[in-house]
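Geometric and topological summary
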Amino acid sequence: MIYFIQASNGLVKIGYTSAAKVNGRLSALRVASPMLLRCIATMAGEYEDELALHNRFATLRTHGEWFNPGLELMQFIQEGQRTDYWTRAIAHAAAIGRA
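Residues numbered from 1 in each chain as written. Predicted model: local features only at pLDDT ≥ 70, side-chain atom pairs only at ≥ 80, totals over all residues. Heavy atoms only, no water.

Before going further, it helps to examine helix 1 (residues 22-32). Looking only at helix 1, the buried set comprises V22, L26 and L29. Seen along its axis, helix 1 keeps its buried residues to an arc of 65 degrees; they face one direction. In helix 1, the exposed positions angled more than 90 degrees off the buried face are occupied by N23, V31 and A32. Residues of helix 1 that are buried make contact with strand 1 (2-7), strand 2 (12-16) and strand 3 (37-43). (Buried < 20%, exposed > 50% of the residue type's maximum accessible area, 1.4 Å probe, protein only. Helix = DSSP H or I, 4+ residues; strand = E, 2+ residues; numbered from the N terminus. Arc of directions from axis to C-beta. Contact = heavy atoms within 4.5 Å.)

In structure tokens, the structure reads:
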């Protein structure tokens, strides 16, 4: 499961965990963060999909798995509520060498 967690300062974490552990992952991050965190979206996916998304949004990366909430990323998350969009977007990123 790929998750998108947004901090109160706007930064977005793109991460991977098993579907059953998303809430636990959010709880663990909240304990270690001085910022308020909320899960803004999840999508089906594997570790390789997480890496593809990190590569796709590399220009927005601030550190580690945290990214600035740029227009492309936020549109991806909003439009991604349709699973077929995410599937096509990841495939497209891989096809053009961004994955």
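Next up on the list: the pairing of strand 1. Of all 6 residues making up strand 1, 6 are buried, and the element is well covered by its neighbours. A two-sided burial pattern is seen for strand 1, the buried positions comprising I2, F4 and Q6 on one face and Y3, I5 and A7 on the other. Strand direction decides the pairing type here: strand 1 and strand 2, joined by 5 bridges, are antiparallel. Paired with Q6 across the two strands is V12, which belongs to strand 2. Counting the residues between successive antiparallel strands, the hairpin from strand 1 to strand 2 contains 4 residues, one of them, G10, with a positive phi of roughly 100 degrees. Taken together, the 6 bridges between strand 1 and strand 3 define a ladder with antiparallel strand orientation. Residue A7 lies in a different strand from strand 3, and its bridge partner there is L37. (Pairing = 2+ DSSP bridges.)

So, about the pattern of salt bridges. In this structure the tally under the stated criterion is 2 salt bridges. Of the charged contacts, one joins K13 and E65 as a salt bridge, the two residues approaching to 2.3 Å between their closest N and O atoms. Of this pair, K13 sits in strand 2 while E65 sits in the loop between strand 4 (61-63) and strand 5 (66-67), placing them 52 residues apart in sequence. (Salt bridge = Lys/Arg side-chain N within 4 Å of Asp/Glu carboxyl O.)

Summary statistics for the protein give a mean pLDDT of 84 and a share of 81% for residues scoring 70 or more. The element-level mean pLDDT for the protein is lowest in helix 4 (residues 83-95), coming to 55, with strand 5 highest at 98. (pLDDT = per-residue confidence, 0-100.)

Let's shift gears to the nonpolar core. In terms of nonpolar packing, the biggest core is built from 13 residues, with F4, I14, L53, F57 and L73 touching the most fellow members. Only strand 1, strand 2, strand 3 and helix 3 (71-79) provide two or more residues apiece to this core. With 3 residues, the top contributor of residues to this core is helix 3. With near-sequence residues (within four places) excluded, F57 lies in contact with I14, F67, E72, L73 and F76. (Core = buried A, V, L, I, M, F, W, Y, C linked by side-chain atoms within 4.5 Å.)

Empty space within the largest pocket amounts to approximately 150 Å³. Around the largest pocket sit A7, N9, L11, L29, A32, S33, P34, M35, L37, H63 and W66, which together line it. Here the residues of the lining of the largest pocket are counted per class, giving 8 nonpolar, 3 polar and no charged. (1 Å grid on protein atoms, 1.4 Å probe; cavity = no way out; pocket = protein on both sides within 12 Å on 5 of 7 lines; lining within 4 Å. Points joined across faces, edges and corners; volume = space filled by probe spheres on them. Nonpolar A, V, L, I, M, F, W, Y, C, P; charged D, E, K, R; others polar.)

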